[in-house]
Amino acid sequence: MLPPPAGPPATVAAGGDGDRPPVSLADFAELARRALPPGVWDFVGGGSGVETTLAANRAALDRVAVLPRVLTGVERPRTHAPLLGREQAMPVAVAPMAYQRLLHPDGEPALAAAAGAAGVPYVLSTLSSTPVEEVTAATAGPVWFQLYWLRDRGLVADLLDRSHAAGCAALMVTVDVPVLGRRLRDVRNGFALPPEVTAANLPAGRDDLAHAGTPGVSAIAAHTEAAFAPALTWADLAWLRERTRLPLLVKGVLDPRDAVRAADVGVDAVVVSNHGGRQLDGAPATATMLPEVVAAVGERIEVLLDSGVRSGTDVLRALALGASGVLLGRPMLWALAAGGRAGAQAALDLLAVELRDALTLTGCADPTQARRLRTLTGD
Ligand SMILES: Cc1cc2nc3c(=O)[nH]c(=O)nc-3n(C[C@H](O)[C@H](O)[C@H](O)COP(=O)(O)O)c2cc1C
Ligand SMILES: CCCCC(=O)C(=O)O
């Protein structure tokens, strides 16, 4: 177990200027920007290409207006809601994100512990900088394992066995990285992992390419190309469905036809995601595609959304568009950078306050009622 967080979260999270605790998730970004080396800041915040999709994710969420109901008698809504059939403190999970020791020496165990304390699932990346066994030991909360399908199928089988044995409660396979999107910030920075941050779930030495700093090359992209299976098919997904009894989620679906195929294979949920604008630049915003995916498979499986969620209002927007929940990405890394476990916990506490307010202001007694709200998209 990790030691308890040092001091009250607000003090820790206030970081640099000390006198102004964060009042929005964006404030954590500012604290992180001050704390991080520029190359790490760019790796986390950046998208692919000219970052059209990165910006589109925000713009599309901003365009979703939610029509409040009044005189509903709701005083203090519950933020609790089910995800994959289990009640969570919020319909939110921490998105899988690689190499969290880049942000803070406590890395994945700290973020997992913060999620556990906040009562939401933590999704652990295949490319975690801490072994899965140490992460599940660091939190009493649910850990879901995110699978990147490696060229070496023996390693895939090993990861499945280890994550299962370590107590992971669900499996999330990411399908939008046949190759890493071209992230120009990383290319320009010649971004590479420092020696102390490693792909700790892989056998030693399997991440050497990710450490090889070369000007004009993203070492992360070079490693991914060497390690990841580039040509997966629906048969591979069916193999995975056969191989695990854990709830199975597919992350990185945008086309409703793919969501239907995933449901046909028997997955439990799809995550409507464009990888936070880090893969195909020019892919549509997730809030744009969500209603079509919900219409196609929402009666059969759960539909989650990520990419651009930055507030409790954004969670409400996704729910009102028919999602059962969201994944929260970069803000959690920024909060980790700003204040370790306590910073991450402060960010999730803030999100809960914002979500409760958003539910109160729309007359919803709990998140499941947000589905009944009308949304208007456009000006
Ligand atoms: C630094 C970083 C690392 C990421 N690593 C992974 C990963 O290992 N596996 C994965 O499925 N998605 C990964 N993602 C994508 C996130 O899971 C998620 O889809 C995305 O960040 C959501 O968008 P948001 O950051 O705008 O909330 C990563 C994202 C970032 C920013
Ligand atoms: C490090 C390569 C994969 C991590 C990832 O998915 C991302 O950076 O978006």
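Reading guide: rules and limits
Residues numbered from 1 in each chain as written. Chains lettered and ligands numbered in written order. Predicted model: local features only at pLDDT ≥ 70, side-chain atom pairs only at ≥ 80, totals over all residues. Heavy atoms only, no water. Helix = DSSP H or I, 4+ residues; strand = E, 2+ residues; numbered from the N terminus. Buried < 20%, exposed > 50% of the residue type's maximum accessible area, 1.4 Å probe, protein only. Near = heavy atom within 4 Å. Polar contact = N/O pair within 3.5 Å; in protein donor to acceptor, adjacent residues only side chain to side chain. Areas by Shrake-Rupley, 256 points an atom, 1.4 Å probe, with all protein chains shown as cover. Nonpolar A, V, L, I, M, F, W, Y, C, P; charged D, E, K, R; others polar.

### Notes on unusual backbone geometry
Even without a glycine there, the phi angle at glutamate 51 is positive, about 65 degrees. If you trace the backbone, glutamate 51 turns up in the loop between α3 (38-45) and α4 (52-63). What makes glutamate 51 buried here is its relative accessible area of 18%. Positive phi, normally seen in glycine, also occurs at tyrosine 99, with a value near 50 degrees. Along the chain, tyrosine 99 turns up in the loop between β4 (92-94) and α5 (107-118).

### What to know about helix α14 (residues 312-320)
α14 sits mainly inside the fold: eight of its nine residues count as buried. Listed as buried for α14 are Gly312, Asp314, Val315, Leu316, Arg317, Ala318, Leu319 and Ala320.

### Quick word on the site of ligand 1
Near ligand 1 there are 22 residues, and of these Pro96, Ser125, Thr174, Asp306 and Arg310 occur at the shortest range. The contact in question runs from an oxygen atom of ligand 1 to an N or O atom on the backbone of proline 96, over 2.7 Å. Tyrosine 148 places a side-chain nitrogen or oxygen 3.1 Å from a nitrogen atom of ligand 1. In the complex, the protein chains occlude 98% of the 600 Å² of accessible area that ligand 1 would expose alone. Listing elements by their share of the shell around ligand 1, those giving two or more residues are α3 and α15 (330-362). Split into classes, the residues belonging to the shell around ligand 1 amount to eight nonpolar, nine polar and five charged.

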